[in-house]
Amino acid sequence: MRTEEDTPPADRVLLVESRADKSALAAIGQGLPRLSANEEALFLSYNYADVPVGRSFDCCFRASDASDVVSVTATVVAVTQQFGIGWDVIPHGWKTLAVLRFEPDTPALIRELPEAARWFDERVSVHVSDRDTWEARAATGTGRRS
């Protein structure tokens, strides 16, 4: 178990690989709720810490260009993994399938992500974080890391 407090601020990012396609939701997503407006089922790469369902972030940005940042509230709604059972956290070090709710709207950089059937089909291309994490990454030049 690793808490957010044990993680350097610049590393507190959800690493988004892709949106889950219908086959992924059928095979893996049985533990997830039906998607509502402004919600996306996303394949996340290895997680930085145990992040609870209900945790909200306030921006997202491209992994290749941290200056391309969007202010949006992104809330973790649900999480599962290969066995299709809902979890109450995104566990540290795991790749997961998670539902995030974006408010007021799903940003274009999320909507434009490719759909995939599983992890590793796409590279990490979007980061979801808090503004202070984005600022720390931008200030230290780690905005291009994924």
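Since the structure is predicted, the reported quantities are computational estimates derived from the model, not experimental observations.

Caption draft 1: Region of interest: the overall build of the protein. Along the protein, the regular secondary structure elements total 3 helices and 9 strands. Computed over the C-alpha atoms, the radius of gyration of the protein is 14 Å, within 12% of the 15 Å expected from 2.2 N^0.38 for a compact globule of 146 residues. Projected onto the principal axes, the alpha-carbon positions of the protein cover approximately 40 × 35 × 25 Å. Carbon and sulfur atoms make up 50% of the accessible area of the protein, which totals about 7000 Å². Averaging the coordinates of the 16 positive side-chain charges in the protein and doing the same for the 22 negative ones gives two points 4 Å apart.

Caption draft 2: Seen up close, the environment of arginine 131. Structurally, arginine 131 is set in helix α3 (residues 131–140). A relative accessible area of 24% places arginine 131 in the partly exposed class. Not counting residues within four places of it along the chain, the set of residues in contact with arginine 131 comprises Asp58, Cys59, Val69 and Ser71.

Caption draft 3: Structural context of unusual backbone geometry. Here the amide bond leading from glutamate 103 into proline 104 is cis, since omega sits at 15°, within 30 degrees of zero. For proline 104, the location among the structural elements is in the loop between β7 (96–103) and α2 (108–111). One non-glycine residue, asparagine 38, lies in positive phi territory at about 65°. A positive phi angle, close to 75°, is found at phenylalanine 120, a residue other than glycine.

Caption draft 4: Spatial organisation of α3. Among all positions in α3, only Thr133, Trp134 and Arg137 are buried. One face of α3 carries all of its buried residues, which in axial projection span an arc of 100°. Residues of α3 that are buried sit in contact with β4 (56–62), β5 (65–80) and β9 (126–129). At the exit of α3 stands glycine 141, carrying a positive phi of roughly 75°.

Caption draft 5: Looking closely at the nonpolar core. By size, the foremost hydrophobic cluster in this structure holds 22 residues, and its most contacted members are Leu14, Leu42, Leu100 and Val128. Counting residues per element, this core draws most heavily on β5, which supplies 4 residues. Setting aside chain neighbours within four positions, we find valine 128 in contact with Arg12, Val13, Leu14, Val16, Phe57, Cys59, Cys60, Ala74 and Leu100. Of all hydrophobic cores here, the second largest spans 11 residues; its members include Ala20, Ala24, Phe43 and Ala116.

Caption draft 6: The arrangement of the side chain of glutamate 39 in detail. Tracing the backbone through its elements, the reader meets glutamate 39 in strand β2 (residues 39–44). By relative accessible area, glutamate 39 is classed as buried at 7%. A polar side-chain atom of glutamate 39 sits 2.9 Å from the main-chain amide nitrogen of serine 36. Among the polar contacts listed, one links the side chain of glutamate 39 to the side chain of arginine 101, at a separation of 2.7 Å. Those residues in contact with glutamate 39, other than ones at most four positions away along the chain, are Arg34, Val77, Val99, Leu100, Arg101 and Thr106.

Scoring rules and cut-offs
- Each chain has its residues counted from 1, following the order in which its sequence is written.
- pLDDT decides what is reported in this predicted model: residues at 70 or higher carry local features, side-chain atom pairs at 80 or more are listed and counted, and totals for whole chains, interfaces and linings draw on all residues regardless.
- Hydrogens are left out, water is left out, and the side-chain values use all remaining heavy atoms of the structure.
- Secondary structure is summarised from DSSP: a helix means a run of H or I of at least four residues, a strand means a run of E of at least two, and numbering begins at the N terminus for each.
- Taken over C-alpha atoms, the radius of gyration is set against a globule rule of 2.2 Å times the number of residues to the power 0.38.
- Only the protein chains shown count as cover for residues, and all accessible areas are computed by the Shrake-Rupley method using a 1.4 Å probe.
- His residues and chain termini do not enter the charge count, which takes Lys and Arg as positive and Asp and Glu as negative.
- In this description, the location of a charge corresponds to atom NZ of lysine, CZ of arginine, CG of aspartate or CD of glutamate.
- Burial here depends on accessible area, computed with a 1.4 Å probe over protein chains only, as a share of the maximum for the residue type. Under 20% is buried, over 50% is exposed, and the range in between is partly exposed.
- Two residues form a contact once any of their heavy atoms are found within 4.5 Å.
- The directions from the helix axis to the C-beta atoms are what the arc is built from.
- What makes a nonpolar core is a set of buried Ala, Val, Leu, Ile, Met, Phe, Trp, Tyr and Cys residues whose side-chain atoms join them at distances within 4.5 Å.
- As used in this structure description, the phrase polar contact means that two N or O atoms lie within 3.5 Å; if the pair is within protein, one of them must be able to donate a hydrogen and the other to accept it, and residues adjacent in sequence are counted only when both atoms belong to side chains.

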